[in-house]
Amino acid sequence: RRENRRVILEALLHAPGASRIDLVRTTGLSPSTVGQIASELLAEGIVVESGIVDLERGRKPRLLQINPDAGRVIGIELSTRRAAVFDVTCALRAELGVLSDERDLMPDRLVRSAAERVEALRGSGPPLLALGVSVPGSVDRDIGFVVTSAPLGWSDIPLGAMLAEATGLMTLVQPNMVSLVVEESASGIARNVQNFLYLHLGMRGIAAGIAAG
């Protein structure tokens, strides 16, 4: 059921203003499953109705879209040490600036700086839902563990657990190439493209990421 919710939300992210029938076509889920999950998402305020299709005959379908004010997520990019706030449609809401000087980018100081930013955001605006971190290096995504990062000089850092404990937010830590591919798929020229290769030519090296399906 959780996977079906994810599939429907992802479909609405890429095609806002879709009817339930549209979602049945694009997701392959049954009409009853789409209808039940859509009703749940509407009741929870995660999805809102955005209009009605004007048909000459029959029942007029209601259009659905993700509610951008359902929550906020924080993204941290460690290559530049910058952080920002996004709504749940991936739209940028606020820049949080540089978390730490490059010469001072120690894990504990980074975590403390991130926790301060999170605390300052609490109490105003939509709820904070999650924290995502992009790391230049090798990461065990299942547990948010930085195996090694040559640019940062880090190795064997349980960054996900450290940030989750300090901020109280669900935390995802992943390699920067994965983040770049996901970003390109969500809001770049590869939006709605199922399969593509992303080639990154950077000052510190060359890397590639593949999106499949």
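As a reminder, the structure under discussion sits directly above these lines.
Values in this document were obtained by computation on a predicted structure and should not be read as measured data.

Undergrad: In this structure, what is going on with the sheet that holds strand β4 (residues 72-77)? I would like to understand it.
TA: Strand pairing in a sheet relies on backbone hydrogen bonds. The paired strands run either parallel or antiparallel. If you walk across this open sheet you meet the five strands as β6-β5-β4-β7-β11, and the pairing is mixed. Single-partner strands in this sheet number two, and they are β6 (92-98) and β11 (170-175). Neighbour-to-neighbour, the strand axes of this sheet turn through a mean angle of 20°, independent of strand direction. Of the pairings in the sheet, the one linking strand β7 (residues 128-135) to β11 comprises six bridges and is parallel in character. Bridging from a neighbouring strand, V133 pairs with V173 of β11. Along the sheet, helix α4 (residues 107-121) contacts β4, β5 (82-87), β6 and β7; its crossing angle with β4, the most-contacted strand, is approximately 155°. Relative to the sheet, helix α6 (residues 176-187) contacts β7 and β11, its axis offset from that of β11 by approximately 100°.

Undergrad: What is the right way to read the nonpolar core from this model?
TA: Inside soluble globular proteins, nonpolar side chains tend to come together where they are buried. Counting 26 residues, the largest nonpolar core has I74, I76, L78, V133, V135, W154 and L159 as the members making the most contacts within it. For this core, the element with the most residues is α4, which contributes five residues. Counting residues in each nonpolar core, the second largest holds 15 residues, with L12, V34, I37 and A38 among its members.

Undergrad: When you look at empty space enclosed by the protein in this model, what are you seeing that I'm missing?
TA: Any empty space left between the atoms is revealed when a probe the size of a water molecule rolls over them. The final tally for this structure, using the stated rule, is one cavity of 30 Å³ or more. Where the lining of the largest cavity is concerned, the elements lending two or more residues are β4 and α4. It is α4 that contributes the most residues to the lining of the largest cavity, three residues altogether.

Undergrad: I would appreciate a short explanation of the sheet that holds strand β2 (residues 47-52) in the present structure.
TA: Reading across the sheet, the three strands line up as β1-β3-β2 and stay open at both edges, with antiparallel pairing between neighbours. One side of each edge strand has no neighbouring strand; the edge strands of this open sheet are β1 (18-19) and β2. Note that β2 and strand β3 (residues 62-66) share five bridges and pair antiparallel. Its bridge partner lying in β3, V47 is registered against I66. Running at roughly 95° to β3, helix α1 (residues 2-14) makes contact with β1, β2 and β3 of the sheet.

Undergrad: Looking at this structure, I do not really get unusual backbone geometry. What am I missing?
TA: Negative phi is the rule for most residues except glycine; trans is the rule for most peptide bonds. Its identity as a non-glycine residue notwithstanding, R81 has a phi of 65°, on the positive side. Secondary-structure assignment places R81 in the loop between β4 and β5. Unlike most non-glycine residues, C90 shows phi in positive territory, near 75°. Along the chain, the position of C90 falls in the loop between β5 and β6. By relative accessible area, which is 39% here, C90 ends up partly exposed.

The rules behind each value
- Along each chain, numbering runs from 1 in the same order as the chain's sequence is written.
- Totals for whole chains, interfaces and linings use every residue, but because this is a predicted model, local features are given only for residues with pLDDT of at least 70 and side-chain atom pairs only at 80 or more, for both listing and counting.
- Note: side-chain values were computed over all heavy atoms of the structure, leaving out hydrogens and water.
- Pairs of strands are assigned from DSSP output, requiring at least two bridges between the strands.
- In this description a helix means any DSSP run of H or I spanning at least four residues, a strand means any run of E spanning at least two, and both kinds are numbered starting from the N terminus.
- Helix axes are fitted to C-alpha atoms over the stretch in contact, other axes to C-alpha atoms as well, and angles between N-to-C directions run from 0 to 180 degrees.
- Any two residues whose heavy atoms approach within 4.5 Å are treated as being in contact.
- Here, nonpolar core means buried Ala, Val, Leu, Ile, Met, Phe, Trp, Tyr and Cys residues that are tied together by side-chain atoms lying within 4.5 Å of each other.
- The buried label goes to any residue with under 20% of its type's maximum accessible area, the exposed label to any with over 50%, and the partly exposed label to all in between, with areas taken from a 1.4 Å probe on protein chains only.
- Here the term cavity refers to a set of points on a 1 Å grid, laid over the protein atoms alone, in which a 1.4 Å probe fits but cannot get out; the term pocket refers to an open set having protein on both sides within 12 Å along at least five of seven lines, with lining residues being those that place an atom within 4 Å of a point.
- Grid points are joined across faces, edges and corners, and a volume is the space filled by probe spheres set on the points.

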